[in-house]
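# Notes for the structure review
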Amino acid sequence: MPGGLARNTPDTVPFATGISCIMKSFIALFVLTLVGAAVAADRPNIVFIFSDDHAPHAIGAYNGWLKSVNPTPAIDRLASQGMVFENSFCTNSICGPSRAVIQTGKHSHKNGFMNNGNSFDWNQQTFPKLLQKAGYATAIYGKSHLKGKPQGYDHWAVLPGQGLYYNPDMLTPEGMVRIPGYCTDIVTDMAVDFLKTKRDKHKPFMLMVQHKAPHRNWMPAPRHYDLYADMTMPEPATLFDDYKDNAPPARHQEMEIDRHMHLNFDLFVDLTPDFPGDQIKGRFDKSAWHNMKRMTDEQLRAWRQTYGPRDKAFHEANLTGKDLVRWKYQRYVKNYLRCIRGVDESVATIMKTLEELGLDENTVVIYSSDQGFYVGDHGWYDKRWMYEESLKMPLIVKWPGVTRPGSRDTHLVQNLDYAQTFLDMAGAKQPADMQGRSLVPLLKGEKPNDWRDAIYYHYYEYPSVHMVPRHNGVRTDRYKLMHFYQFDEWEFYDLQKDPDELTNLYNDPASSKTIAMMKDKLEAMRKYYDDDSDLAEKPEEWQKKMRQ
Ligand code: CA
């Protein structure tokens, strides 16, 4: 309820005359308690639960095509208690860069972490450091993906690099430690321990719970091996997209379930008793086996007991063509959603812990993920593109007494806005060099008439894994313009008429006026965000390949 915090003000407490001294003391204490509650409410605790590669359409509350399998009951419950941002986007659809944008409130070209090969400069200004200065207790557990030792946290334990699903190593202030168990559960336990015992109870806190799941390669917890086993999962409408009406980059990527998803590396096929992993040849296969090798004998036995018969049936079926794609898709989507179920249970545990500790009424709980993902959409897995499925980020916020339960917001928001939002929630100053905007007015249900009418995007990692060329672009509530500048290829979509972005209208004469308007907007936003990246075209031989 907007303005609901007013109920904590002491103005309405009646002071009667002629009451006993004890009663007066009691009332005084009561008033002090109310004043204290009001002060605390002005500085809410913040719990930021953040996963890796969780597409909004793999969350029930987003009403996508996977809703029917009920993938996220706890996250849906969080959504029913808070606000779902329906137009939430990243600035650069890849793991490390998204996290760097969140830390700094600045686009990649400003925070220096433009692709996963970069290292984050922890000495720069970040929102956790500013919250610490503002009197918050701070902690981060799980995947940082920014390399180096995190700064700005009273307590921390982070996975080195991508980290492992089973028995992961974690970097802590005391050095590297190996922790037995399943990664999502380990991170949840650390967060619960912070809430219960580690935090300074005299301060409001900001806790970041950052899961590795559901990042490739998808290894669920043992309790989820059989989840969805007897179901045939729905398929995306674009599973067999041939990209014939897109610009050439869409045809020259390497992220197709059909041609690029690896049976061993991505799906763990044959890493079973009949096919011991260390006998499999090839870089990808060995890498998959590396992940499994970290399992204990008991964990490995349980995996093989479940997946072994499924692999045997797969070999016996001898599938080819579309049937093989469909089988790979089913194995992939089930393991992906099993990993997500682990994250969902983490959300449930953290919400329950907040309730048990009496913290839930004054704690903002946020669920988000670093970008979207292709769950077979366009025949793909992975992210990187400015197309909708990987551009969108889930963003769900529960803020008791401020955000109306079950509300939905459609303003264009980005991970660029998170830092300023958290500072604003905490009543801390928002530095002028941050490039986003606080979402607090939206969370209060306000509709600012000067909100941004477009978002700016820039992806940098090419040539690299999955071969998605560099591109920048703008998206309004209806239109999207993308520029693959290394090859001077453009795409333009009317999302109202073509939500799946199947037909590039860049050369459509009827769209020329709108395209010109979008080009002006792209240039204006590039300048506004001071993006001076090199946008030069690349040599002839690259061009030739891309134009095929
Ligand atoms: Ca990611």
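Use the structure listed above.
Only a predicted model underlies this, so the values are computations on that prediction, with no experimental measurement involved.

Before going further, it helps to examine the overall build of the protein chain. From N to C terminus, the protein chain includes 14 helices and 16 strands. Out of the 548 residues in the protein chain, the part that is buried amounts to 59%. Sequence separation of 24 or more characterises 70% of the internal contacts of the protein chain that already satisfy a separation of 6 or more. Carbon and sulfur atoms form 53% of the exposed surface of the protein chain, whose accessible area is close to 22200 Å².

Moving on, we get to the coordination of the calcium ion. Coordination of the calcium ion by the protein involves Asp 52 (OD), Asp 53 (OD), Cys 95 (SG), Asp 370 (OD), Asp 370 (OD) and Gln 371 (OE1), with metal-donor separations of 2.1 to 2.7 Å. The site at the calcium ion holds six donor atoms, and with the angles between them running 52 to 163°, its shape is irregular. Here the donor residues of the calcium ion are spaced in sequence according to D-D-x41-C-x274-D-Q. Of this pair, Asp 53 sits in the loop between strand E1 (45-51) and helix H2 (73-81) while Asp 370 sits in the loop between strand E9 (363-369) and helix H10 (388-391), and the two are 317 residues apart along the sequence.

Reading across from one edge, E13-E14-E15-E16 is the order of the four strands in this open sheet, with antiparallel pairing throughout. Two strands bound the open sheet, and with one partner strand each, they are strand E13 (455-459) and strand E16 (489-494). Shown here is a sheet whose adjacent strand axes are inclined to one another by a mean of 10°, direction ignored. Note that strand E15 (residues 479-484) and E16 share six bridges and pair antiparallel. Its bridge partner being in E16, His 483 is matched across the sheet by Trp 490. Of the strands in this sheet, E13, strand E14 (471-475), E15 and E16 are in contact with helix H13 (residues 512-528), which crosses E15 at around 65°.

With that settled, the discussion passes to helix H3 (residues 95-104). Taken across its 10 residues, H3 has 10 buried, putting it largely inside the fold. If you check which residues of H3 are buried, you get Cys 95, Gly 96, Pro 97, Ser 98, Arg 99, Ala 100, Val 101, Ile 102, Gln 103 and Thr 104. Looking at the buried side of H3, the elements it contacts are E1, helix H4 (108-111), helix H5 (127-133), strand E4 (137-143), strand E8 (205-210) and helix H11 (418-425). A positive phi of about 70° marks Gly 105, the residue just after H3.

Below, the discussion takes up the environment of Ala 536. Mapped onto the elements, Ala 536 comes out in the loop between H13 and helix H14 (540-546). Expressed as a C-alpha distance, the spacing of Ala 536 and Tyr 485, which sit 51 residues apart in the sequence, is 6.7 Å. Those residues in contact with Ala 536 that lie beyond four places of it in its chain are Tyr 485 and Gln 486.

Let us now look at the environment of Met 386. By the secondary structure assignment, Met 386 is in the loop between E9 and H10. Residues Met 386 and Lys 480 lie 94 residues apart in sequence; the distance between their C-alpha atoms is 8.9 Å. If near-sequence neighbours (up to four positions away) are discounted, Met 386 is found in contact with Leu 391, Tyr 457, His 471, Gly 473, Val 474, Arg 475, Lys 480, Leu 481, Met 482 and Glu 501.

With that out of the way, let us pick up the pattern of salt bridges. Close approach of charged atoms allows side chains of opposite charge to pair. Summed over the entire model, instances satisfying the criterion amount to 33 salt bridges. Taking the shortest distance from any N to any O, the salt bridge between Lys 198 and Asp 193 comes out at 2.8 Å. Look at Lys 198 and you get partly exposed, because its relative accessible area is 39%. Between Lys 244 and Asp 245 there is a salt bridge, with the nearest N and O atoms lying 3.3 Å from each other. If you follow the salt bridges from partner to partner, you end up with Asp 53, Asp 382, Lys 383, Arg 384 and Glu 461 in one network.

What follows covers the nonpolar core. Core analysis: the biggest nonpolar cluster contains 140 residues, and Leu 207, Tyr 332, Tyr 336 and Leu 337 have the highest contact counts within it. Two domains each donate at least three residues to this core, and these are domain 2 (45-220 + 329-442) and domain 3 (459-547). If we ignore the near neighbours within four places in the chain, the residues touching Leu 337 are Ala 58, Leu 66, Val 69, Pro 71, Tyr 228 and Met 233. Listed in part, the 14 residues of the second largest apolar core include Leu 416, Tyr 479, Ile 515 and Met 525.

Turning our attention to the pairing of E9. In terms of burial, E9 is largely enclosed, as seven of its seven residues are buried. The alternating pattern of E9 places Thr 363, Val 365, Tyr 367 and Ser 369 and Val 364, Ile 366 and Ser 368 on opposite faces, both of which are buried. In this structure, E1 lies alongside E9, joined through seven bridges in parallel fashion. Counted as the bridge partner of Asn 45 is Thr 363 from E9. Pairing geometry for E9 and strand E10 (residues 395-398), over four bridges, is antiparallel.

What follows deals with unusual backbone geometry. The amide bond that connects Arg 216 to the next residue, Asn 217, takes the cis arrangement and shows omega of -15°. Within the secondary structure layout, Asn 217 lies in the loop between E8 and helix H7 (283-293). Residues Tyr 462 and Pro 463 are joined by a peptide bond in cis, for which omega reads 0°. Along the chain, the position of Pro 463 falls in the loop between E13 and E14. Positive phi outside glycine occurs at Tyr 228, with the angle close to 70°. Relative to the elements of secondary structure, Tyr 228 occurs in the loop between E8 and H7.

To characterise two packed helices, one gives the angle between the axes of the helices and the distance between these axes. Contact geometry for H2 and helix H9 (residues 321-356): axes closest at 7 Å, N-to-C directions at 50°. By the criterion of interaxial angle, the relationship of H2 to H9 is oblique. For the pair H2 and H9, contact is made by Pro 73, Ala 74, Ile 75, Arg 77, Leu 78 and Gln 81 and by Arg 341, Asp 344, Val 347, Ala 348 and Met 351, respectively. Here the residues of the contact of H2 with H9 sort into seven nonpolar, one polar and three charged.

A word on the side chain of Lys 106. Along the chain, Lys 106 falls in the loop between H3 and H4. For Lys 106, the side chain forms a polar contact with the side chain of Asp 433, separated by 3.1 Å. With near-sequence residues (within four places) excluded, Lys 106 lies in contact with Val 101, Asn 111, Gln 125, Leu 416, Asp 433, Met 434 and Gln 435.

So, how was this worked out
- Residues numbered from 1 in each chain as written.
- Predicted model: local features only at pLDDT ≥ 70, side-chain atom pairs only at ≥ 80, totals over all residues.
- Heavy atoms only, no water.
- Helix = DSSP H or I, 4+ residues; strand = E, 2+ residues; numbered from the N terminus.
- Buried < 20%, exposed > 50% of the residue type's maximum accessible area, 1.4 Å probe, protein only.
- Contact = heavy atoms within 4.5 Å.
- Areas by Shrake-Rupley, 256 points an atom, 1.4 Å probe, with all protein chains shown as cover.
- Donors = N, O, S within 2.8 Å, 3.2 Å for Na, K, Ca; no water.
- Tetrahedral: all angles 85-135°; square planar, octahedral: opposite > 155°, others 65-115°.
- Pairing = 2+ DSSP bridges.
- Axes fitted to C-alpha atoms, helices over the stretch in contact; angles between N-to-C directions.
- Salt bridge = Lys/Arg side-chain N within 4 Å of Asp/Glu carboxyl O.
- Core = buried A, V, L, I, M, F, W, Y, C linked by side-chain atoms within 4.5 Å.
- Domains from an automatic or database assignment.
- Parallel < 35°, antiparallel > 145°, perpendicular 65-115°, else oblique.
- Nonpolar A, V, L, I, M, F, W, Y, C, P; charged D, E, K, R; others polar.
- Polar contact = N/O pair within 3.5 Å; in protein donor to acceptor, adjacent residues only side chain to side chain.

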